[in-house]
Amino acid sequence: MRTGENIFKRKDGRREARYHRGRDSSGRILYGYCYGRTYAEAKQRLEQAKTSGVPPELHCAEQKEQTLRYWAQFWLQRNRLRLRDSTYVKYLGFLDNHILPYLGELTPSQLREEDVAAFSGELLGAKGLSSKTAKDILVVLHSILRFTEKQLPNTVERMDFVYPSQERAEIRVLSVAEQERLTNYLLTDTDACKFGVLLALLTGLRIGELCALRWDHVLLEHRLLRVDASMQRIRNLDANAASKTVVVIGAPKSQASRRAIPLAESLVNLAQSFSPEDSGSYVLTGTARYMEPRTLQRRFAKYARDCELENVTVHTCRHTFATRCIEAGFEMKSLSEIMGHANTAITMNRYVHCSMDWKRKNMEKVCWPGIA
């Protein structure tokens, strides 16, 4: 422990930081706890907790008088340790921008189904949010109310949450001709960034995974690519920082997203010509400096204009990869694991978009009795 700081090393190897959260009605000090794998991580979470304005836990009698604002902040703090930074920031935005301004001053006992229904209408109507975003916000609200019910049994009205129906959006996939055009463009005067985009087109990498990819995770001798990290820009939780956002490199989207992707021999041969001496270099730059997602999106937009491709983003490469694999008869379980999905249903429902030509070919395979 460093002098003047309540940060200790636990028997399980983690660091535990303790801080004063306030006092209860009898004047007894209430403590809060933060944990981290390292001293620096524990200290960072300690500073965030001190400045987050999270209220202290109160006696049951006092809790019954608290508003949803108190319970939402209480719920978020209780879940802080298990949340990725990006998820925590997303939930914080849901609370600050939507849930608390509309419902924050009601106590849980005052909240009714009609209040939630009106709030849902506000999200979809006046605020013009997509049905998916509105549903995500309502899921968080539901979690807060379930948490509150556990703390104060028989206080919160049991509600049937009606979530907005989500229409499946039409997702852009490159046609075979468009993919050939883009591939030829990327293979002309190829630099590190063009090679990185081609890599995404041939492996289905997410944009955050591509931006975080270093050459020491491209195992050319084994013809494998390891996905162990992802990059994104999120809200800066340090209120005193000059920048409102910060680039974070952390674990991939889910446990299934940690994966090894086999590389085709042709891609390995191409990759060898771009492999730098420093294996710690980022693939998109060939140096120790990374390229963040929004910069890559701008670069890709130029590539798309040059190739006369409309309504495409870097993520279009991922959709296109999955579709080409299905069209080639790829085994679904293998494809699901390469994509980093928890199950094959996600792959089929979200990323596989069959072209009309492929549908026609499949229809021609069927032998129709009685039809010549």
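Above this text sits the structure in question.
Computed from a prediction, not measured in an experiment: that's the story for all the values here.

1. A look at the packing of aromatic side chains
Part 1 of the reasoning: On inspection of all chains with the given rule, the structure shows 13 aromatic pairs.
Part 2 of the reasoning: For the pair phenylalanine 74 and phenylalanine 147, a centre-to-centre distance of 5.4 Å together with 85° between the ring planes defines the contact as edge-to-face. Taken as a pair, phenylalanine 74 in helix H3 (residues 68-79) and phenylalanine 147 in helix H6 (residues 131-151) lie far apart in primary sequence, 73 residues in all.
Part 3 of the reasoning: In this structure phenylalanine 74 comes out as buried when scored by relative accessible area, which is 4%.
Part 4 of the reasoning: In this structure phenylalanine 147 comes out as buried when scored by relative accessible area, which is 12%.
Part 5 of the reasoning: Between phenylalanine 195 and phenylalanine 274 the ring centres are 5.0 Å apart and the planes differ by 15°, which places this aromatic pair in the stacked class. Of this pair, phenylalanine 195 sits in helix H8 (residues 192-203) while phenylalanine 274 sits in the loop between helix H10 (265-272) and helix H11 (293-306), and the two are 79 residues apart along the sequence.
Part 6 of the reasoning: Judged by relative accessible area, phenylalanine 195 falls into the buried class, the value being 3%.
Part 7 of the reasoning: The ring of tyrosine 163 has lysine 135 sitting right over it, with the charged end atom 6.0 Å from the ring centre.

2. Some words on empty space enclosed by the protein
Part 1 of the reasoning: Counted according to the given criterion, the structure contains one cavity of 30 Å³ or more.
Part 2 of the reasoning: Among the secondary structure elements, those contributing two or more residues to the lining of the largest cavity are helix H9 (207-212) and strand E5 (224-227).
Part 3 of the reasoning: Looking at which element gives the most residues to the lining of the largest cavity, the answer is E5, with three residues.
Part 4 of the reasoning: Of the residues contributing to the lining of the largest cavity, the split by class is six nonpolar, one polar and three charged.

3. Here's the deal with the sheet that holds strand E4 (residues 218-219)
Part 1 of the reasoning: Here we have three strands laid out as an open sheet, ordered E4-E5-E8, and antiparallel in their pairing. Edge positions in the sheet fall to E4 and strand E8 (259-262), since each has one partner strand and no second.
Part 2 of the reasoning: Summarising the sheet, E5 and E8 pair through four bridges and their orientation is antiparallel. Pairing of valine 227 across the sheet is with arginine 259, part of E8.

Reading the values: rules and limits
Here the residue numbering is sequential within each chain, running from 1 through the sequence in written order. The predicted origin of the model limits local features to residues at a pLDDT of at least 70 and limits the giving and counting of side-chain atom pairs to 80 or more, whereas totals for whole chains, interfaces and linings rest on all residues. With hydrogens and water stripped out, all remaining heavy atoms of the structure feed into the side-chain values. Each Phe, Tyr or Trp ring, with Trp reduced to its six-membered ring, pairs with another whose centre is within 6.5 Å; inter-plane angles below 30 degrees give stacked pairs, above 60 give edge-to-face pairs, and intermediate values give tilted ones. Think of it this way: any DSSP run of H or I at least four residues long counts as a helix, any run of E at least two long counts as a strand, and we number them from the N terminus. Burial classification: accessible surface area is computed with a 1.4 Å probe over protein chains only, and a residue below 20% of its type maximum counts as buried, one above 50% as exposed, and the rest as partly exposed. Whether a charge sits over a ring comes down to the Lys NZ or Arg CZ being within 6 Å of the ring centre and within 35 degrees of the ring normal. Points on a 1 Å grid over protein atoms alone make up a cavity when a 1.4 Å probe fits among them but cannot get out, and a pocket when they form an open set with protein on both sides within 12 Å along at least five of seven lines; lining residues each have an atom within 4 Å of a point. Grid points are joined across faces, edges and corners, and a volume is the space filled by probe spheres set on the points. Residues are grouped as follows: Ala, Val, Leu, Ile, Met, Phe, Trp, Tyr, Cys and Pro are nonpolar; Asp, Glu, Lys and Arg are charged; every other residue, Gly included, is polar. Pairing between strands is defined by DSSP: at least two bridges between the two strands are required.

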